[in-house]
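Breakdown of the fold
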Amino acid sequence: EKIGGIAAKSPADVSSQADIVFSCLPGGSALDEVVTGPNGLLKNARKGQVVVELGSHPIAAKERQVARFAEKGVAFIDGEVSGTPGMVMAKKAPIYLAGDTEACKKLEPTVKAFADVCLYLGTFGSASKIKFINNLLVTVNTAAIGDAIALGLKAGLDPDMMIKAISGGSGGSVLFPIRAPRM
């Protein structure tokens, strides 16, 4: 509202007005409530709509929505955001989409308004699977950054200089300049 948006009264209110709905909810139970609750998206869902869930949940939590929406002629898409908050703000966080091919193609122009990269990954669940693999690599990378920082500190290196040197070097990564200063 502060930047000109109009708050909806409920998810049902959103589905009565929007042809494309993006959600990014904190868990599978929240997704179920937003979809099937008394004022959920299904209440006013209509043929031709596309609904995308961008939150990272167990695939089963997303899969159970597919048939619910299909009964109303709505395509439900498995979506994921891959990036840090800074990447999201700069439109550099890739958006992964999976599910109905035509619905995903329909989403691309809208996604391009908030992300430079939109990747269609195939069958429903593929976006989540790739995000889970990405998150595994983030975890491994973060652990390696911690060990590298600890080694550098034990070796008596200046932390700021070490971070500057590695961030611009071949050992750096997207995460290094974000995680290393906190470590």
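Since this is a predicted model, take the numbers as computed values, not measurements. (Residues numbered from 1 in each chain as written. Predicted model: local features only at pLDDT ≥ 70, side-chain atom pairs only at ≥ 80, totals over all residues. Heavy atoms only, no water.)

Digging into the overall build of the protein
The number of helices and strands found in the protein is eight helices and five strands. From first element to last, N terminus to C terminus, the protein shows the α and β order α-β-α-β-α-β-α-β-α-β-α-α-α. The C-alpha atoms of the protein give a radius of gyration of 20 Å, which is well past the 16 Å a tight globule of 183 residues would have. In terms of overall dimensions, the protein has a C-alpha envelope of 65 × 35 × 30 Å along the principal axes. Looking at the 183 residues of the protein, the share that counts as buried comes to 39%. Considering only residue pairs separated by 6 or more positions, the protein has 66% of its internal contacts joining residues 24 or more positions apart. For the protein, the accessible area works out to roughly 10200 Å², and carbon and sulfur atoms hold 61% of it. (Helix = DSSP H or I, 4+ residues; strand = E, 2+ residues; numbered from the N terminus. Rg over C-alpha atoms; globule rule 2.2 N^0.38 Å. Buried < 20%, exposed > 50% of the residue type's maximum accessible area, 1.4 Å probe, protein only. Contact = heavy atoms within 4.5 Å. Areas by Shrake-Rupley, 256 points an atom, 1.4 Å probe, with all protein chains shown as cover.)

Overview of the environment of K62
Looking at the element boundaries, K62 is found in helix α3 (residues 59-70). On the basis of relative accessible area, K62 is assigned to the buried category, the value being 0%. Distance from K62 to L31, taken between C-alpha atoms, is 7.9 Å for residues 31 residues apart in sequence. Among residues more than four places away in sequence, those in contact with K62 are L31, E53, G55, H57, F76, D78, G79, E80, F124 and S128. A distance of 3.3 Å separates a polar side-chain atom of K62 from the backbone oxygen of E53. (Polar contact = N/O pair within 3.5 Å; in protein donor to acceptor, adjacent residues only side chain to side chain.)

Re the packing of helix α6 (residues 126-154) against helix α7 (residues 159-167)
When two helices pack together, their arrangement is captured by the angle between the axes and the distance separating the axes. Here α6 crosses α7 at 135 degrees, and the two axes come no closer than 10 Å. If you check the angle between α6 and α7, you find them oblique. As α6 packs across α7, the resulting crossing turns out to be right-handed. Residue-level inspection shows A148, I149, G152 and L153 of α6 in contact with α7, the latter providing P159, M162 and I163. For the contact of α6 with α7, the per-class residue count stands at six nonpolar, one polar and no charged. (Axes fitted to C-alpha atoms, helices over the stretch in contact; angles between N-to-C directions. Parallel < 35°, antiparallel > 145°, perpendicular 65-115°, else oblique. Left-handed = near helix turned anticlockwise from the far one by under 90°. Nonpolar A, V, L, I, M, F, W, Y, C, P; charged D, E, K, R; others polar.)

Observations concerning the packing of helix α2 (residues 28-36) against α3
Where α2 meets α3, the closest approach of the two axes is 9 Å, and the angle between their N-to-C directions is 10 degrees. In terms of axis orientation, α2 runs roughly parallel to α3. Taken as a pair, α2 and α3 cross one another with a handedness that is right-handed. Taking contact as the criterion, the partners of G28, L31, D32, V35 and T36 in α2 are, on α3, A61, K62, R64, Q65, R68 and F69. Per-class residue counts for the contact of α2 with α3 are four nonpolar, three polar and four charged.

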